[in-house]
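Examination of the molecular architecture
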Amino acid sequence: MSKDEEITKNGQRRQDGTIAYSSETEGKRGIIFPSPIFGPVHSRRLGVSLGVNLLPGDGKVCSFDCIYCECGYNKSFPPHQKLPTRTEVRQALRAKLQEMKEIGPNPDVITFAGNGEPTVHPRFADIIHDTIALRNEFFPEAKISVLCNSTRILREDVFNALLKVDNNILKLDTIDMDYIRMVDRPLSPRFSVEKIIERMMEFGNRCIVQTMFLKGTHNGCDVSNVSDKFVLPWIDAIQRIQPSEVMIYTIDRTTPSPLLEKATPAELDNIADRVQSLGIPCQVSY
Ligand code: SF4
């Protein structure tokens, strides 16, 4: 541990401001990000990325509860703070962009991510509006990315806001509802992956599809989605959606569910080849 790090009451605060919880208890492992701004960090997929976290800075809020979530299970990190307001986000983002203008580094991307699902913020559309204005003022060459789990894209305000960003990155781990209930675990019983795919088709090449491939077990059940049983229907959905790009990845950090395993590079490459055979670029993170 570096001398700049400190042990907080509940976890280890790291130099980048995140707090890492590393308990042996299932679900009590995860990373909680500062709010409303964190980083910049170097992202595997996105380059120098300044993070915008629209969720509270002391816990997680998400409309999914993925067993692989790097923030841990929802129930393990309930927030006590409120969501940041639109004004707080705008002021903090302006201050950080001003600082980066003066001392660097220049961001490649401003990324909406953090402690859960950014589109659950009731002012998400307004905050995207503010962010575009600030990006244009300070770093017009920077992209704006939103990592979205897709659960709220049926809402008109969310849909229209996502149309305005450069990288509208939408999660689609599978089209199998049983698998989704076991692995992504939507909170809403009304979640319908077919409706989500139809909405993704309306985005078409204005969206990037992002998919987690993994293996292993959870509560004694096989959670592999790398076999043809899962990949072939998913490829059909990709063909229907016609996104500008597909990003596939596998688990990279400690997961709250302890017996998950990475998909192998060969498995990921094989899936990427199938996407590319549709004429759609596919980025792989191993
Ligand atoms: S959608 Fe993202 S933030 Fe939400 S539980 Fe899944 S991995 Fe975590």
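Every value quoted in this text rests on a predicted model; they were computed, and no experiment measured them.

A count of helices and strands for the chain gives 7 helices and 15 strands. The C-alpha atoms of the chain give 18 Å as radius of gyration, which agrees with the globular expectation for 286 residues (19 Å, within 12%). When the backbone C-alpha atoms are referred to their principal axes, the chain occupies close to 50 × 40 × 35 Å. Split into buried and exposed, the 286 residues of the chain put 42% on the buried side. Within the chain, residue pairs in contact and separated by at least 24 positions form 68% of the contacts whose partners lie at least 6 positions apart.

The next subject is helix α3 (residues 156–163). Taken residue by residue, α3 has Val-158, Ala-161 and Leu-162 as its buried positions. Along the long axis of α3, the arc covered by the buried residues comes to 95 degrees, so they all point the same way. Residues of α3 that are exposed and angled more than 90 degrees away from the buried face: Glu-156 and Asn-160. The inward-facing, buried residues of α3 abut α2 (124–138), β8 (143–148) and β9 (167–171).

With that out of the way, let us pick up the sheet that holds strand β14 (residues 260–262). Reading across the sheet, the 3 strands line up as β12-β11-β14 and stay open at both edges, with antiparallel pairing between neighbours. Strands with a single pairing partner mark the edges of an open sheet, and in this sheet they are β12 (221–222) and β14.

If you check the shell around the ligand, you find Cys-62, Phe-64, Asp-65, Cys-66, Cys-69, Cys-71, Gly-116, Glu-117 and Asn-149 and nothing else. Split into classes, the residues belonging to the shell around the ligand amount to 5 nonpolar, 2 polar and 2 charged.

Turning our eyes to something else, we now look at unusual backbone geometry. The amide bond that connects Ser-35 to the next residue, Pro-36, takes the cis arrangement and shows omega of 5 degrees. In this structure, Pro-40 follows Gly-39 across a cis peptide bond, with omega equal to 15 degrees. Relative to the helices and strands, Pro-40 resides in strand β5 (residues 37–43). Located in the positive-phi region is Arg-185, a residue other than glycine, with phi close to 55 degrees. Locating Arg-185 in the fold gives a position in the loop between α4 (177–183) and α5 (193–203). On the basis of neighbour counts, which here come to 17 C-beta atoms within 10 Å, the residue Arg-185 falls in the partly exposed class. For Asn-219, which is not glycine, the phi dihedral falls at a positive 50 degrees.

The next thing to look at is the nonpolar core. Across soluble globular proteins, nonpolar side chains have a tendency to be buried as a group. Counting residues in each nonpolar core, the largest one holds 66 residues, and the members touching the most others are Leu-54, Leu-170 and Val-209. When neighbours within four sequence positions are excluded, Leu-54 is seen to be in contact with Pro-36, Leu-83, Pro-84, Val-89, Phe-112, Gly-114, Pro-118, His-121, Phe-124 and Ile-127.

It is worth spelling out the confidence of the model for the chain at this point. Of the residues in the chain, 93% reach a pLDDT of 70 or more, and the chain-wide mean stands at 93. Between residues 1–7, whose pLDDT stays under 50, and residues either more than four places distant or in other chains, the model counts 8 contacts.

Right, let's get into the packing of α5 against helix α6 (residues 228–241). Direction vectors running N to C along α5 and α6 enclose 35 degrees, while the axes themselves pass 8 Å from each other. Contacts between α5 and α6 involve Ile-197, Met-200 and Met-201 from the former and Ala-237, Arg-240 and Ile-241 from the latter. In the contact of α5 with α6, the residues fall into 5 nonpolar, no polar and 1 charged.

The pairing of strand β10 (residues 208–212) with strand β13 (residues 245–249) spans 5 bridges and is parallel. For Ile-208, the partnering residue across the bridge sits in β13 and is Glu-245.

Quick notes on the rules
Just so you know, the residues in each chain are numbered from 1, in the order the chain's sequence is written. Residue-level local features of this predicted model are given only where pLDDT is at least 70; pairs of side-chain atoms are given and counted only at 80 or more, and the full residue set underlies all totals for whole chains, interfaces and linings. Only runs of H or I of at least four residues qualify as helices and only runs of E of at least two qualify as strands under DSSP, and these elements are numbered from the N terminus. For a compact globule the rule gives 2.2 Å times the number of residues to the power 0.38, and the radius of gyration it is set against comes from C-alpha atoms. Partly exposed residues are those falling between the two cut-offs: more than 12 but fewer than 20 other C-beta atoms within 10 Å of their own, whereas 20 or more means buried and 12 or fewer means exposed, with C-beta atoms placed from the backbone. Any pair of residues counts as being in contact when their C-beta atoms, constructed from backbone geometry, are within 7 Å of one another. Read the arc as the range of directions from the helix axis to the C-beta atoms. In this description, strands pair whenever DSSP reports at least two bridges between them. Near, as applied to residues and a molecule or strand, means the residue's backbone-placed C-beta atom lies within 6 Å of it. Note that Gly is not counted as nonpolar here; it falls among the polar residues with everything else outside the nonpolar set of Ala, Val, Leu, Ile, Met, Phe, Trp, Tyr, Cys and Pro and the charged set of Asp, Glu, Lys and Arg. For the purposes of this analysis, a nonpolar core is taken to be any set of buried Ala, Val, Leu, Ile, Met, Phe, Trp, Tyr and Cys residues that are connected through C-beta atoms within 7 Å. Values of pLDDT, the confidence the predictor places in each residue, fall between 0 and 100. For helices, the axis comes from a line fit to the C-alpha atoms of the stretch in contact; other axes are also lines fit to C-alpha atoms, and the angle between any two N-to-C directions lies between 0 and 180 degrees.

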